[in-house]
Amino acid sequence: MYLEIARAVANGPDRIAIETEDGASFTYGELHREVARMANALLEVGLQPGDRVAAQLHKSVASLFVYLACLRAGLVYLPLNTAYQSSELDYFLRDAEPGLILVEPDNADAVTALSKASVGAPVMTLAEDKDSGLAQRVAEASARFDTRLCAASDLAVIIYTSGTTGRSKGAMVTHGNLVSNARALTQVWRFNNDDVLLHTLPIFHVHGLFVATHCALTSGARMLWHDRFDAAAVVRQLKRASVFMGVPTYYTRLLGEPGLSPQSCRGMRLFISGSAPLLAETHSKFEQRSGHRILERYGMSEAGMITSNPYDGERRAGTVGFALPGVEVRVVDDTDQVLPVGEKGAIQIKGENVFSGYWRMLEKTKQEFTADGWFRTGDIGVFDRDGYLSIVGRAKDLIITGGYNVYPKEIELALDELQQVVESAVIGVRHADYGEAVTGIVVLREGAEADEANIIATLKSKLAGYKVPKRVHFVEGLPRNAMGKVQKNLLRERFG
Ligand code: AMP
């Protein structure tokens, strides 16, 4: 994958690749040399191609360089959400067995203890510290590095997705997956070296890591790099940008900014949304305020991007558009037979973008593919007569909150572990800002006392913040059907 970026470096080494909020900038040539230094420093730690580099790092240019250095050196990058707590991290480390773990300095002691008790991998930071910091090693390393020629089938990244059983699965993404997706997206979204991408997404997820950075860096464009999303800062910077990518929550927050206007968007050519459903209402309000129709696309960790609304032609609200070049999409019934237009069914996909399986989960991987090689996305969709795909639901029990996926099972297990709790159900309820808000419904043990704030506080110490219920309701018992399954639809009606 790195060769795609190296081409942009060769075409314009003096062009600006990245500009940060505090005014620092890196040309493509500088980026190439910094990435070389980082790659050399990583190999000096003793890593071999194919080794995993786990990175639980805040978004920064340096952490982006770690990713690019892994691509360049044939190391497997393993991004971890900074919100993950120890017990979550422990699972990822044991499962992925990284050869190196990169963390923030204030987390180094805790993660070192975790690593010692499990994989025994060295834990380092990007700080100056001589022993455990990479910064000095990077500064002293050579700025030359022969990019490793990776095969399309070589593993590039492992992205953990939440599992329906509460156990996360590591989606194995290859160099071939990344290259095919980057080429398709730059083509359909018309990326070019005049573009300026305002990058405010996190980079532990496909959206910010692959879609945004690959589109920009393979086309020689400039990125305005913000370490986090701040609606007011975005509105201030839009006039300098041409493309913006966000999750629906970003767009609803931008609508809350008085400065959002056709004037502040005058240099923009494209707003892209994805990772969760964009409400038709947000779509039309955003158009009224900015003069731009948001282009919605659909993708997932296992496949990068799958479909997109058209660049030219109608961007239809409530739909995710057409299959990208090189991607096939079909909607099928329970027996994997293709359904006629207009009928809802399971979305299955095929193409070079589709991942090579779940890390060390052969059986699970097998179940998720049909005999003739189609990947079962777990999403329910329908094609309209003009060929636009809409996502109408999920076969899997999944909540998407602010663009992040939460599998209720994981949260239910955490709730059930609490001494006062007999059982629980977790549902998503509509939320103006997050799209869906994680909501816990809890049955307490007889005589047990617990209040909402207390339960929420306890879960906060165990789970990443976005997974913790925003509200907890107490009930006498959970409604169940004849098969004993909790009727979440009734809970949604009551607490939605
Ligand atoms: P992730 O692997 O975290 O990127 O999550 C992928 C899931 O997000 C998909 O399987 C869909 O359920 C959902 N998703 C992504 N994009 C959209 C979209 N534009 N509309 C509705 N759901 C989406």
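Residues numbered from 1 in each chain as written. Predicted model: local features only at pLDDT ≥ 70, side-chain atom pairs only at ≥ 80, totals over all residues. Heavy atoms only, no water.

Asks: For this particular structure, what's the right way to read the overall build of the protein?
Replies: A tally of helices and strands in the protein yields 15 helices and 24 strands. The C-alpha radius of gyration of the protein comes to 23 Å, within 12% of the 23 Å expected for a compact globule of 496 residues. The principal-axis extents of the C-alpha atoms in the protein amount to approximately 65 × 55 × 50 Å. Across the 496 residues of the protein, 55% fall into the buried class. Relative to all contacts within the protein whose residues are 6 or more apart in sequence, the contacts with residues 24 or more apart total 64%. Charge-centre separation for the protein: the mean point of 54 positive side chains lies 3 Å from the mean point of 59 negative side chains. (Helix = DSSP H or I, 4+ residues; strand = E, 2+ residues; numbered from the N terminus. Rg over C-alpha atoms; globule rule 2.2 N^0.38 Å. Buried < 20%, exposed > 50% of the residue type's maximum accessible area, 1.4 Å probe, protein only. Contact = heavy atoms within 4.5 Å. Lys, Arg positive; Asp, Glu negative; His and termini not counted. Charge placed at Lys NZ, Arg CZ, Asp CG, Glu CD.)

Asks: Is there a simple way to think about the site of the ligand in this case?
Replies: As a matter of local geometry, the ligand sits amid 17 residues, with E296, R297, S301, D379 and N405 nearest to it. Here an oxygen atom of the ligand sits 2.9 Å away from a polar atom, N or O, in the side chain of H205. Between the ligand and the protein, one listed contact pairs an oxygen atom with a side-chain N or O atom of S301 at 2.7 Å. Summarising the interface, the protein chains cover 96% of the accessible area of the ligand, which totals 500 Å² for the free molecule. Counting residues per element, the shell around the ligand draws most heavily on strand β13 (residues 295-300), which supplies five residues. The residue inventory of the shell around the ligand, partitioned by class, reads eight nonpolar, five polar and four charged. (Near = heavy atom within 4 Å. Polar contact = N/O pair within 3.5 Å; in protein donor to acceptor, adjacent residues only side chain to side chain. Areas by Shrake-Rupley, 256 points an atom, 1.4 Å probe, with all protein chains shown as cover. Nonpolar A, V, L, I, M, F, W, Y, C, P; charged D, E, K, R; others polar.)

Asks: Looking at this structure, how should I read the domain arrangement of the protein?
Replies: When the parts come together, some accessible area is lost, and that loss is often what is quoted as the size of the interface. If you check the domain split of the protein, you get domain 1 (2-150), domain 2 (206-394) and domain 3 (399-495). A straight line from the C-alpha centre of domain 1 to that of domain 2 covers 27 Å. The partner domain 2 presents 20 residues to the 26 residues of domain 1 that form the contact. Across the interface of domain 1 and domain 2, roughly 2000 Å² is buried in total on both sides, 55% from carbon and sulfur atoms. (Domains from an automatic or database assignment. Buried area = accessible area lost by both parts, 1.4 Å probe.)

Asks: Can you walk me through the sheet that holds strand β2 (residues 25-27) in this structure?
Replies: The strands making up a sheet associate through hydrogen bonds between their backbones, and the pairing can be parallel or antiparallel. Sheet architecture is open: nine strands sit in the order β2-β1-β10-β9-β11-β12-β13-β14-β15, paired in mixed fashion. The open sheet terminates on both sides in strands that have one partner only, identified here as β2 and β15 (322-323). Pairing between strand β1 (residues 16-20) and strand β10 (residues 222-225): three bridges, direction parallel. Paired with T20 across the bridge in β10 is W225. (Pairing = 2+ DSSP bridges.)

Asks: Teacher, can you tell me more about the packing of helix α7 (residues 175-188) against helix α8 (residues 206-218) here?
Replies: α8 packs onto α7 with a crossing angle of 70 degrees between their chain directions and a minimal axis gap of 9 Å. Taken together, the axes of α7 and α8 lie roughly perpendicular to each other. Relative to α8, the crossing made by α7 is right-handed. Here L178, A182, L185 and T186 of α7 lie close against α8, whose contacting residues are F210, V211, H214, C215 and T218. Considering only residue class, the contact of α7 with α8 consists of six nonpolar, three polar and no charged. (Axes fitted to C-alpha atoms, helices over the stretch in contact; angles between N-to-C directions. Parallel < 35°, antiparallel > 145°, perpendicular 65-115°, else oblique. Left-handed = near helix turned anticlockwise from the far one by under 90°.)

Asks: Even after reading the chapter, I still don't get the nonpolar core, so can you show me in this structure?
Replies: Nonpolar side chains in soluble globular proteins tend to be buried together. Counting 112 residues, the largest nonpolar core has I18, L31, Y67, L68, W189, F244 and M245 as the members making the most contacts within it. For this core, the leading source of residues is helix α3 (residues 61-73), giving 10 residues. Inspection of this core shows a minimum of three residues originating in each of domain 1 (2-150) and domain 2 (206-394). The next biggest cluster of nonpolar side chains, apart from the first, holds 38 residues, and it includes V76, Y84, A414 and L463. (Core = buried A, V, L, I, M, F, W, Y, C linked by side-chain atoms within 4.5 Å.)

Asks: I tried to follow the environment of Q420 on my own but got confused; where do I start?
Replies: Take Q420: it is sitting in the loop between α13 (408-416) and β22 (421-431). Taking the C-alpha atoms as reference points, Q420 and V442, separated by 22 residues in sequence, lie 9.6 Å from one another. For Q420, the residues in contact, after removing those within four places along its chain, are V443, L444, R445, A448, E449, A450 and N454.

Asks: What am I meant to see in the packing of helix α2 (residues 28-44) against α3 here?
Replies: Axis angle and axis distance: for two packed helices, these are the angle between their axes and the distance between the axes, and together they describe the pair. At their nearest, the axes of α2 and α3 sit 8 Å apart, and the two run at 70 degrees to each other. On the basis of their axis angle, the class for α2 and α3 is roughly perpendicular. Two secondary-structure elements touch here, α2 through L31, H32, E34, V35, A36, M38, A39, L42 and L43 and α3 through A62, F65, V66, L68, A69, C70, R72 and A73.

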